[in-house]
Amino acid sequence: MIIPKVVAVHDLSCYGRCSLSVIIPILSNLQVQVCPLPTTILSSHLGGYKNIAAVDLTDKLEEIDRNWQNEGLEFDCLYSGYLASPEQIEIVDTIFKKAKGNVLKVIDPVMGDHGKLYSKYTEEMQLEMRKFILNADIITPNYTEACFLLGEPYQEVQENLETIYEYLLRLAAWGIKNVIITGVNLASGQIANVGYNSDEEIFFVNKSPKIPVHYPGTGDVFTSVLLGYLLLGNDISIALQKATDFVYKCIEKTYEQQTPIREGILLEALIMEI
Ligand code: PXL
């Protein structure tokens, strides 16, 4: 039995169901081994809690990576998400660049949502992120992040997907094989996740009904499910459908329970349904 190994370069938010707290259980459940490379330990995620306690692990990233190399460890995939400073982006960029062989590189360029950058996200980090994503085989920006990467204005609602197709082609033209833009708000009242594979020159569109709530961590859930299905050998259209369906189910079931939004989706209740 071959279990794929993923290096997951993300923060550990200890409360609020995002980043490593959802990535590890989801990928494990899909029979993928997660080797966390934790960038920061935070008392919670940054979306709704005050006076967050943090341990910055920037200095440890290279040390952990060196140790793994000295041990001769090999991985099938590098997967990064929220990075907290330009230094972290630079270090992770070096780690991605020196990965040898057939290593799938997945970058979720976590920078913001709802038309705004996260409060700690500086102009410099945005520029670093633009360079860093050039390492990727797959990127999964949400619509807000796609706008920031391309320097385009944020629009609350899309009449159709023409603009999104254009954004996908522009990002793919940077040399990124698979680009997926998530959370596109359509005038029809639906939410779309839209992908493009530049090898086959095909678009993928998955739509789900819009539920009027935004839980933190759903981007991490989405990309983890997508990645798990890809590493199990599914093609991207199947993986995208699985990720879209699971995130929708999580939001729908969590919304029914009316739990605090900042606590994220009820992953424990739903994880067996991935
Ligand atoms: O889910 C993305 C994410 C990751 N890490 C931290 C966050 C967020 C989103 O708010 O605050 C620390």
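Refer to the preceding data block for the structure.
This write-up is about the structure you can find in this document. Since the structure is predicted, the reported quantities are computational estimates derived from the model, not experimental observations.

### Overview of the site of the ligand
Turning to step 1, where the next piece is worked out: The full set of residues close to the ligand is Asp11, Ser13, Cys18, Leu42, His45, Leu46, Tyr82, Val110, Tyr118, Gly217 and Asp220.
Turning to step 2, where the next piece is worked out: Leucine 46 is positioned such that a nitrogen or oxygen atom in its backbone is 2.8 Å from an oxygen atom of the ligand.
Turning to step 3, where the next piece is worked out: One of the side-chain nitrogen or oxygen atoms of aspartate 220 is found 2.6 Å away from an oxygen atom of the ligand.
Turning to step 4, where the next piece is worked out: Here the ligand loses 94% of its free accessible area of 320 Å² to cover by the protein chains.
Turning to step 5, where the next piece is worked out: Residue composition of the shell around the ligand, by class: six nonpolar, three polar and two charged.

### What about the side chain of glutamine 88?
Turning to step 1, where the next piece is worked out: Mapping glutamine 88 onto the fold places it in helix α3 (residues 86-97).
Turning to step 2, where the next piece is worked out: Given the relative accessible area of 0%, glutamine 88 is considered buried.
Turning to step 3, where the next piece is worked out: Engagement of the side chain of glutamine 88 in a polar contact is seen with the backbone oxygen of threonine 39, the distance being 3.0 Å.
Turning to step 4, where the next piece is worked out: A polar atom in the side chain of glutamine 88 sits 3.1 Å from the side chain of threonine 58.
Turning to step 5, where the next piece is worked out: Setting aside residues up to four positions removed in sequence, glutamine 88 forms contacts with Thr39, Thr40, Asp56, Thr58, Leu61 and Leu83.

### Remarks on the packing of α3 against helix α4 (residues 123-132)
Turning to step 1, where the next piece is worked out: The contact between α3 and α4 brings their axes to 9 Å, and the two run at 10°. The angle between α3 and α4 falls in the class roughly parallel. Along its contact with α3, which presents Pro86, Ile89, Glu90, Val92, Asp93 and Phe96, the element α4 presents Glu124, Met125, Glu128, Met129 and Phe132.
Turning to step 2, where the next piece is worked out: Residues that form the contact of α3 with α4 fall into these classes: seven nonpolar, no polar and four charged.

Conventions used here
- Residues numbered from 1 in each chain as written.
- Predicted model: local features only at pLDDT ≥ 70, side-chain atom pairs only at ≥ 80, totals over all residues.
- Heavy atoms only, no water.
- Near = heavy atom within 4 Å.
- Polar contact = N/O pair within 3.5 Å; in protein donor to acceptor, adjacent residues only side chain to side chain.
- Areas by Shrake-Rupley, 256 points an atom, 1.4 Å probe, with all protein chains shown as cover.
- Nonpolar A, V, L, I, M, F, W, Y, C, P; charged D, E, K, R; others polar.
- Helix = DSSP H or I, 4+ residues; strand = E, 2+ residues; numbered from the N terminus.
- Buried < 20%, exposed > 50% of the residue type's maximum accessible area, 1.4 Å probe, protein only.
- Contact = heavy atoms within 4.5 Å.
- Axes fitted to C-alpha atoms, helices over the stretch in contact; angles between N-to-C directions.
- Parallel < 35°, antiparallel > 145°, perpendicular 65-115°, else oblique.

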